[in-house]
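Take a look at the letters that make up each chain.
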Amino acid sequence: MNKVFLGGTCAGTTWRDTLVNCIQVDYFNPVVDDWTEECQSIEEAQKSINCNVHLYVITAEMIGVFSIAEAVNSSLEKGKITIFHVIPDGFSKSQIKSLEATCNLISRNGGISYIDNELMRTARVINFCFK
């Protein structure tokens, strides 16, 4: 069960490609071309059984808000490490304020959360979690 779940913004972003080249652990990437109920079942099994670190990278390309709800939910799960990383570029000042409140909530729940542009910071945190 040493695997990281790569949740967060999809919408054609490339942060996952960048990150997987910098982490030294197994991962599950939920992004598929055609999202089906079977894909959802596979993702849920990966998150609950195989992945002990749940990462959610949130970018301004985000279309929906479900990843934020998933991150809050993950931060409440015993035995899971939740990392919530907001990349602030492109968000308005009021959106950042709301995302800061979400970061604080996740941190109070025991997760790791921050807002910055340093994706390599997240790679270091993930690698540290698996030492």
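## Examining the overall build of the protein
Here comes step 1: Along the protein, the regular secondary structure elements total 5 helices and 5 strands.
Here comes step 2: Of the regular secondary structure in the protein, the N- to C-terminal order runs β-α-β-α-β-α-β-α-β-α.
Here comes step 3: Against the globule reference of 14 Å for 131 residues, the protein gives a C-alpha radius of gyration of 14 Å, in line with a compact fold.
Here comes step 4: Dimensions of the protein, computed from C-alpha atoms along their principal axes, come out at roughly 35 × 35 × 30 Å.
Here comes step 5: When each of the 131 residues of the protein is scored for burial, the buried share is 44%.
Here comes step 6: At a minimum sequence separation of 6, the contacts of the protein that also span at least 24 residues come to 67%.
Here comes step 7: Each charge class in the protein can be summarised by its mean position, and for the 11 positive and 15 negative side chains these summaries are 12 Å apart.

## A look at the pattern of salt bridges
Here comes step 1: The full count for this structure, using the stated rule, is 4 salt bridges.
Here comes step 2: A salt bridge links Lys 47 to Glu 43, with the nearest nitrogen and oxygen atoms 3.7 Å apart. Of the two residues, Lys 47 and Glu 43 are both situated in helix α2 (residues 37-50); the distance of 4 residues between them amounts to about one turn of the helix.
Here comes step 3: By relative accessible area, Lys 47 is classed as buried at 9%.

## What to know about the sheet that holds strand β3 (residues 53-58)
Whenever strands of a sheet pair, they do so through backbone hydrogen bonds, lying parallel or antiparallel.
Here comes step 1: What the 5 strands build is an open sheet, ordered β2-β1-β3-β4-β5; its pairing is parallel. The open sheet has two free edges, formed respectively by β2 (26-28) and β5 (112-115), since each of these has just one partner strand. Across the sheet, the mean angle from the axis of one strand to that of its neighbour is 20 degrees, orientation sign disregarded.
Here comes step 2: Bridge count for strand β1 (residues 3-8) against β3 is 5 bridges, and the pairing is parallel. Bridged to Leu 6 within β3 is Leu 55.
Here comes step 3: Running over the sheet, α2 touches β1, β2 and β3 and is turned about 135 degrees from β1.
Here comes step 4: Across the sheet, helix α3 (residues 66-75) is in contact with β1, β3 and β4 (81-86); its angle to β3 comes to roughly 150 degrees.

Conventions adopted
- Note on numbering: residues in each chain are counted from 1, in written sequence order.
- Local features in this predicted model are restricted to residues of pLDDT 70 or higher, and side-chain atom pairs are both shown and tallied only at a pLDDT of 80 or more, whereas totals for entire chains, interfaces and linings draw on every residue.
- Only hydrogens and water are set aside; all other atoms, that is, all heavy atoms of the structure, feed into the side-chain values.
- Strands here mean DSSP runs of E at least two residues long; helices mean DSSP runs of H or I at least four residues long; both are numbered from the N terminus.
- Within these notes, the globule rule equals 2.2 Å times the number of residues to the 0.38 power, and the radius of gyration is based on C-alpha atoms.
- Only protein chains enter the area calculation, which uses a 1.4 Å probe; residues under 20% of their type maximum are buried, those over 50% are exposed, and those in between are partly exposed.
- For this analysis, residues touch if any pair of their heavy atoms sits within 4.5 Å.
- Counting rule applied: Lys, Arg positive; Asp, Glu negative; His and chain ends not counted.
- The atoms used to mark charge sites are NZ of Lys, CZ of Arg, CG of Asp and CD of Glu.
- Each salt bridge in this description consists of a side-chain nitrogen of Lys or Arg and a carboxyl oxygen of Asp or Glu lying within 4 Å of one another.
- Two strands make a pair as long as DSSP finds a minimum of two bridges between them.
- A fitted line through C-alpha atoms represents every axis, and for helices the fit uses only the stretch in contact; the resulting angles, taken between N-to-C directions, go from 0 to 180 degrees.

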